[in-house]
Amino acid sequence: MIVKIRCPECDTEGSFSLVESSYQGPYRCWKCRRLFTINLENNELKSCESLSQEEFDRQQEIETLKAKFKRQ
Ligand SMILES: [Zn+2]
């Protein structure tokens, strides 16, 4: 499933591929490189908040740890 996300910063539409119909997590605009935390429900964008690089790195770290944990 591909969902279109319009960047609130530069108004550029990007596509985001979803595994499930709901998603909450980081999204990066391909054009202006701004980071956001997006919340998708039933393939619709419910919220989009700007995210700092530090917070993004932290979330990536958590995802990496989760992936590691699953493998064990
Ligand atoms: Zn943008």
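Going by the structure above, here's the rest.
Residues numbered from 1 in each chain as written. Predicted model: local features only at pLDDT ≥ 70, side-chain atom pairs only at ≥ 80, totals over all residues. Heavy atoms only, no water.

Asker: Describe the overall build of the chain, with residues and values.
Answerer: For the chain, the count of helices and strands is 1 helix and 5 strands. Listed N to C, the secondary structure of the chain is β-β-β-β-β-α in terms of helices and strands. The dimensions of the chain, computed from C-alpha atoms along their principal axes, are 40 × 25 × 15 Å. Residues counted as buried form 28% of the 72 residues belonging to the chain. Positive and negative side-chain charges in the chain, numbering 12 and 12 respectively, have mean positions lying 5 Å apart. (Helix = DSSP H or I, 4+ residues; strand = E, 2+ residues; numbered from the N terminus. Buried < 20%, exposed > 50% of the residue type's maximum accessible area, 1.4 Å probe, protein only. Lys, Arg positive; Asp, Glu negative; His and termini not counted. Charge placed at Lys NZ, Arg CZ, Asp CG, Glu CD.)

Asker: Give me the lowdown on the packing of aromatic side chains, citing residues and values where you can.
Answerer: Working definition: an aromatic ring pair is given by the centre-to-centre distance plus the angle between the planes. For the coordinates displayed, the defined rule picks out 2 aromatic pairs. On the numbers, 4.8 Å between centres and 45° between planes, the contact of F16 with Y23 is tilted. Considering the side-chain rings of F16 and Y27, the 5.8 Å spacing of their centres and the 75° angle between planes classify their relative orientation as edge-to-face. Here F16 is found in strand β2 (residues 13-17), whereas its partner Y27 is found in strand β3 (residues 23-28), with 11 residues between them in sequence. Sitting over the face of the ring of F56, R28 holds its NZ or CZ atom 5.3 Å from the ring centroid. (Phe/Tyr/Trp six-rings, centres within 6.5 Å; stacked < 30°, edge-to-face > 60°. Lys NZ or Arg CZ within 6 Å of the ring centre and 35° of its normal.)

Asker: Lay out the side chain of T37 in plain terms, naming residues and giving numbers.
Answerer: Following the sequence through the fold, T37 ends up in strand β4 (residues 35-41). Among all residues touching T37, those that are not within four sequence positions of it are G25, S47, C48, E49, L51 and Q59. (Contact = heavy atoms within 4.5 Å.)

Asker: For unusual backbone geometry, give the residues involved together with the corresponding values.
Answerer: For N42, which is not glycine, the phi dihedral falls at a positive 50°. Within the secondary structure layout, N42 lies in the loop between β4 and β5 (44-51).

Asker: So what's going on with the pattern of salt bridges? Which residues, and what values?
Answerer: Under the criterion given, the structure shown has 5 salt bridges. Two residues, D11 and R6, come together in a salt bridge whose shortest N-O distance is 3.8 Å. The shortest N-O distance in the salt bridge between E63 and K66 comes to 3.4 Å. Of the two residues, E63 and K66 both sit in helix α1 (residues 53-71), 3 residues apart, roughly one turn of that helix. Overlapping salt bridges, with partners in common, bring together R6, D11 and E13 in one network. (Salt bridge = Lys/Arg side-chain N within 4 Å of Asp/Glu carboxyl O.)

Asker: Break down the nonpolar core for me, citing the residues and quoting the values.
Answerer: Counting residues in each nonpolar core, the largest one holds 10 residues, listed as V3, I5, C7, F16, L18, Y27, C29, F36, I38 and L40. Looking at this core, the elements with two or more residues in it are β1 (2-6) and β4. Sort the elements by how many residues they give to this core and β4 lands first, with 3 residues. (Core = buried A, V, L, I, M, F, W, Y, C linked by side-chain atoms within 4.5 Å.)

Shape is all these values report; function is a separate question.
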